[in-house]
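Given next are the chains, with one letter for each unit.
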Amino acid sequence: MASTIMETSESFSEFLEKEKGKDLLRFTTAGSVDDGKSTLIGRLLYDSRSVYDDQLESVTKASAGRNAGAIDFSLLTDGLRAEREQGITIDVAYRYFATPKRKFIIADTPGHEQYTRNMVTGASTAELAIVLVDARKGVLPQSRRHSYIAGLLGIERVVVAINKMDLVGYQQSVFDAIEKEFRTILARFPHVQPYFVPVSALEGDNIVARSTKMPWFTGPSLLEHLETVPVGLRVRDAAFRFPVQRVVRPTLDFRGYAGTIVAGRVRVGDAVTILPSGRETTIASIVTFDGNVKEAETGQAVTLTLAQEIDLSRGDLIAASDKLPLKSHGVKATLVWLNEKPADLGKRYRIKHASRLDWATLRQIDFRLNVNTLDQESVSTLEMNSIAQVNLETARILCFDRYTENRVTGSFILIDPATNATVAAGMITDAFETGILAPLAGISWHVIDGALVLTSEQGFSTKPGSTDEPLSMEDPEALEALRHMLRRLGVAPFGNAGESDFEI
Amino acid sequence: MREVVAECQRPVLLYSIGKDSSVLLRLAQKAFFPGPIPFPLLHIDTGYKFKEMIEFRDRYTSELGLNLIVHTNRAALNEGANPFNWGTQRCCGALKTTALLDGLRNGGFDAAIGGARRDEERSRAKERVFSFRDQRGQWDPRNQRPELWNIFNARIHPGESLRVFPLSNWTELDVWQYIHSENIPIVPLYFAKPRLMLERGDSLLPIEQPFVPRLPGEEPKLVMCRMRSLGCSPCTGAIRSDADTIPKIIEELVTMRRSERQNRVIDHDQDGSMEIKKQEGYF
């Protein structure tokens, strides 16, 4: 493998040093049947010399009798026997390759509508999506679907690879027309930054090297683009979030919280808030196997100790005090149904959100999205591969960010409690206050020292000693909701006040 | 690994002694520091592992103070199981797959953490990080749980189990670079030195087991070589190499044109052989 990952001019120690600093781009590929997606990936692997000779020999042998040239590159990626027999890709496959500039992980997903769930799966860990278009067929309904799913999963970089240019005489007019039409689709997703590139996966044009057959195209080849597109910047600058995986107590005098930083960075002494309890404290130390560190950032798995002893368990969230996540008993989310058994309205599912396992009831389906036309449809259930906007009520308080702000604290899966199957994937769009708590929407609340503190969206708070203008709540429905919530939480209202001090 | 320990009743780490297992152990030390590694190690010893592997296993696991469980399918060995008498498929089935399923059942383990990587073999490319096994320990590649983001579904019913692969997204090169930068101990068989081998065509066959048949006139020779991946000595070929340090191994790897498991006889005994073995419960 990878005989080209080392530049010929460099010494080996230079190579090792550079390897350490290399970043990683995870991308996904979406295309319809016969768009040549597997061929494109096979070509990327082959032309970047990421395929071993013995793998190539076995593929060359198997290519005899198939209609895809001397080497059928799709055979490199279709891993299961059923896939090779049927000539289709069934499941998400992960592929790995590297160049002197970067390491890559490809999530190769089948493009047919019935495999929407696989495309969603592949896109969930990707920072970039390649959407394939057959130059002969132009923009199809599935192009819209593929773009929508990439946008939905928060992918900001979309490469539209217009393939099979060899079959349209490498004409610029074909490319230009498709680009123009595709841009109107992508206009719907303002956060997506597209790159259009004309290729022939079969012939290798503009895949690794720039094509000599399309002098009218002056942009970088597909691989050059993949090697240079910026990645991983936003999440590092986001607010600190640390879902607690385990409480670590090896001895009586050590109590730490193990987890992975999913957004932002943390330093010793930083003010943090424990959620859902709302207790505030500071970071006392950041512990690792290689010694304590002063600072840690997104992606690092560390153990934190806190300045105060606080009751904290797996599933809790440690967050930057100056930018707290949302919290509520319900969420509005975009849900992708992944299971053959349709969704049951009113049914309780297990929800796994960050490190927390809880129960969630599917309360309402606002609409199902037609992924080809993007029309909103009214439905009473969700079949496999449906994408819908729903409202879920959780048994305990959920602390989260919107998916557009944080892909980890904004996402969840639903698990069927009877079969333990992963039945749905969700992306949180907002808080959803259910039933009697609805009048409190827009007001966040924390329990501090066993008492309830309310904070309005404007920052007005009932926290004792708060200098802000006090929060006012005169609506009788809101007051009733508040009483209900106090009973449910089993806590006293604000400060040490009794229930009679309800006028806020 | 933390997710496994938090959500499963009785996890175990499948320790195969190879480089990937060494990396897993280091990651486990890091994941649970300053606490100890909170699960035992299970080694499925076929009886045909290299002597140097067993020596390394016993020394290294006792140095780290780990609880090592060794399970062997004695009954099959007593019946004369070896790859030449039984053929590789039947031999692997008994000494590895059956032994693994029995070892997991005996220990009551509901989650087995292993060092398999998706880049090793094309059916492994489809494997989940948390991979579900039914009550018979079997894998159904067409009916896997979707795995999104880094949210792992570790829910199982009694009798069912999980295989968990923390190195899923590592490549062979990642593993070697990590061993280099972390200074992780590995079995000396990975380093080149002169070893007695049977030279047969392009292959170098180790002669640790007396039942490895010799062709007429074939004599063991001292060959400068090393192992690229480790398995049972009768089914694992060596490669000619001068790489006797980790940087040299990495240098060799980046110019290598043959895949990591090419020297593993059992991957090539039928089309899709790894997929079939995995469905039956093989690691």
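All values derive from a computational prediction rather than experimental measurement.

Draft legend 1. Examining the overall build of chain B more closely. Helix and strand content of chain B: nine helices and 10 strands. Taken over C-alpha atoms, the radius of gyration comes to 19 Å for chain B, in line with the 19 Å a tight globule of 283 residues would show. Here chain B holds 283 residues, and 51% of them are scored as buried. When contacts within chain B are restricted to residue pairs at least 6 apart in sequence, those whose partners lie at least 24 apart make up 77%.

Draft legend 2. Local environment of the overall build of chain A. The secondary structure content of chain A amounts to 10 helices and 23 strands. Across the 504 residues of chain A, 46% fall into the buried class. A separation of at least 24 residues holds for 69% of the contacts in chain A among residues at least 6 apart in sequence.

Draft legend 3. Main features of the pairing of strand β21 (residues 422-431) of chain A. Residue and element names in this part refer to chain A. Of all 10 residues making up β21, seven are buried, and the element is well covered by its neighbours. Sheet analysis places strand β15 (residues 326-337) next to β21, joined by seven bridges and oriented antiparallel. Bridging from a neighbouring strand, V336 pairs with A425 of β21. Where strand β20 (residues 411-415) lies against β21, five bridges are found, and the strand directions are antiparallel. Paired with I415 across the two strands is T422, which belongs to β21. If you look at the hairpin formed by β20 and β21, you'll find six residues sitting between the two strands, and N420 has a positive phi there, around 65 degrees.

Draft legend 4. Structural detail: the domain arrangement of chain B. All names here are of chain B. Each domain of chain B was delimited in the assignment, giving domain 1 (2-173 + 271-279) and domain 2 (187-268). Just the C-alpha atoms count here: the centres of domain 1 and domain 2 sit 24 Å apart. Mapped by element, the contributors of at least two residues to the side of domain 1 that touches domain 2 are α3 (51-63), α5 (83-86), α6 (88-107), α7 (172-182) and α9 (273-279). Counting residues per element, the side of domain 1 that touches domain 2 draws most heavily on α3, at four residues.

Draft legend 5. Summary view of unusual backbone geometry. Following L275 of chain A, the chain continues to P276 of chain A via a peptide bond in cis, the omega torsion being 10 degrees. You can see P276 of chain A is positioned in the loop between β10 (271-275) and β11 (279-287). Residue P34 of chain B is bonded to the preceding F33 of chain B through a cis peptide linkage, with omega at 5 degrees. Inspection of the secondary structure assignment puts P34 of chain B in the loop between α2 (19-32) and β2 (41-44). For A354 of chain A, which is not a glycine, the phi torsion comes out positive at approximately 50 degrees. Among the secondary structure elements, A354 of chain A is positioned in the loop between β16 (348-353) and β17 (356-369). Taking the number of C-beta atoms within 10 Å as the measure of exposure, A354 of chain A has 28 and is therefore buried. Here W149 of chain B, not a glycine, exhibits a phi torsion of approximately 45 degrees, which is positive. Among the secondary structure elements, W149 of chain B is positioned in the loop between β5 (130-133) and β6 (161-164). Exposure remark for W149 of chain B: the 19 C-beta atoms within 10 Å place this residue in the partly exposed category.

Draft legend 6. Inspection of helix α7 (residues 141-152) of chain A at higher detail. Residue and element names in this part refer to chain A. The terminal C-alpha atoms of α7 lie 16 Å apart, and with 12 residues this matches the ideal 16 Å at 1.5 Å per residue to within 8%. Counting buried positions along α7 gives 10 out of 12 residues, so the element sits mostly inside the fold. Buried residues along α7 sit in contact with β1 (24-30), α6 (116-124), β4 (128-134), β5 (157-163) and α8 (172-186). Downstream of α7 by one or two residues, G154 has phi in the positive range, about 85 degrees.

Draft legend 7. Broad picture of the nonpolar core. Residues and elements named next belong to chain A. If you look at the biggest cluster of nonpolar residues, it comprises 187 residues, and the most contacted ones within it are A129 and A161. For this core, the element with the most residues is strand β19 (residues 387-400), which contributes eight residues. The residues contacting A129, other than those within four sequence positions of it, are F27, T28, A30, A123, A150, I155 and V158.

Draft legend 8. The arrangement of the sheet that holds strand β9 (residues 221-226) of chain B in detail. All names here are of chain B. Within the open sheet, the four strands sit side by side as β8-β7-β9-β10. Their pairing is antiparallel. Two strands in the sheet have a free side with no partner beyond their single neighbour: β8 (203-206) and β10 (239-240). Here strand β7 (residues 193-200) pairs with β8 via four bridges, running antiparallel. By the bridge assignment for β8, M197 is matched with P206.

Draft legend 9. Quick peek at helix α8 (residues 246-254) of chain B. Those residues of α8 of chain B lying buried are I249, I250 and L253 of chain B. Along α8 of chain B, the residues classed as buried sweep out an arc of 95 degrees about the axis, all on the same side.

Draft legend 10. Up close: the sheet that holds β6 of chain B. Residue and element names in this part refer to chain B. With respect to topology, six strands assemble into an open sheet ordered β3-β2-β1-β4-β6-β5, the strand pairing being mixed. With partners counted over all chains shown, the strands left at the sheet margins are β3 (68-71) and β5, one partner each. Across the sheet, the mean angle separating the axes of adjacent strands is 30 degrees when strand polarity is ignored.

Draft legend 11. Spotlight on the confidence of the model for chain A. Mean pLDDT over chain A stands at 83; residues scoring 70 or higher make up 75%. A low-confidence stretch, residues 495-504 of chain A stays under pLDDT 50, and its non-local contacts, those more than four residues away or across chains, total 12 contacts.

Draft legend 12. How the structure looks around the confidence of the model for chain B. Residues and elements named next belong to chain B. Across chain B, the average pLDDT comes to 88, with 90% of residues at 70 or higher. Model confidence for chain B, summarised as mean pLDDT per element, is weakest for α9 at 65 and strongest for strand β1 (residues 11-14) at 97. Both confidence scores are given for the complex: pTM 0.83, ipTM 0.87.

Draft legend 13. Broad picture of the environment of V133 of chain A. Residues and elements named next belong to chain A. Mapped onto the secondary structure, V133 falls in strand β4. Note: C-alpha distance between V133 and D375 (242 residues apart in sequence) is 22 Å. If we skip the residues at most four places from it in the chain, V133 touches G138, V139, S143, V160, I162, N163 and I178.

Draft legend 14. Expanded view of the pairing of β3 of chain B. Residues and elements named next belong to chain B. As defined by bridge partners, β2 adjoins β3 across four bridges and the pair is classed as parallel. Paired with H43 across the strands is V70, a residue of β3. Taking the sense of rotation as the criterion, the β-α-β connection linking β2, α3 and β3 turns out right-handed.

Draft legend 15. Just the environment of D134 of chain B, in detail. Residue and element names in this part refer to chain B. Within the element layout of this structure, D134 appears in the loop between β5 and β6. What makes D134 partly exposed here is the crowd of 15 C-beta atoms within 10 Å. Taking C-alpha positions, D134 is 9.2 Å from H157, a pair spaced 23 residues apart along the chain.

Draft legend 16. View of the packing of α7 of chain A against α8 of chain A. Residues and elements named next belong to chain A. Relative to each other, α7 and α8 sit at 45 degrees, their axes nearing to 10 Å. Judged by the inter-axis angle, α7 sits oblique to α8. Like other packed secondary-structure pairs, α7 and α8 cross with a definite hand, here right-handed. Touching S143, R144 and S147 of α7 are F182, I185 and L186, all from α8.

Reading guide: rules and limits
- Residues numbered from 1 in each chain as written.
- Chains lettered and ligands numbered in written order.
- Predicted model: local features only at pLDDT ≥ 70, side-chain atom pairs only at ≥ 80, totals over all residues.
- Helix = DSSP H or I, 4+ residues; strand = E, 2+ residues; numbered from the N terminus.
- Rg over C-alpha atoms; globule rule 2.2 N^0.38 Å.
- Buried ≥ 20, exposed ≤ 12 C-beta atoms within 10 Å, placed from the backbone.
- Contact = placed C-beta atoms within 7 Å.
- Pairing = 2+ DSSP bridges.
- Domains from an automatic or database assignment.
- Expected span 1.5 Å × (residues − 1).
- Core = buried A, V, L, I, M, F, W, Y, C linked by C-beta atoms within 7 Å.
- Arc of directions from axis to C-beta.
- Axes fitted to C-alpha atoms, helices over the stretch in contact; angles between N-to-C directions.
- pLDDT = per-residue confidence, 0-100.
- Right-handed = clockwise from strand over helix to strand, strands pointing away.
- Parallel < 35°, antiparallel > 145°, perpendicular 65-115°, else oblique.
- Left-handed = near helix turned anticlockwise from the far one by under 90°.

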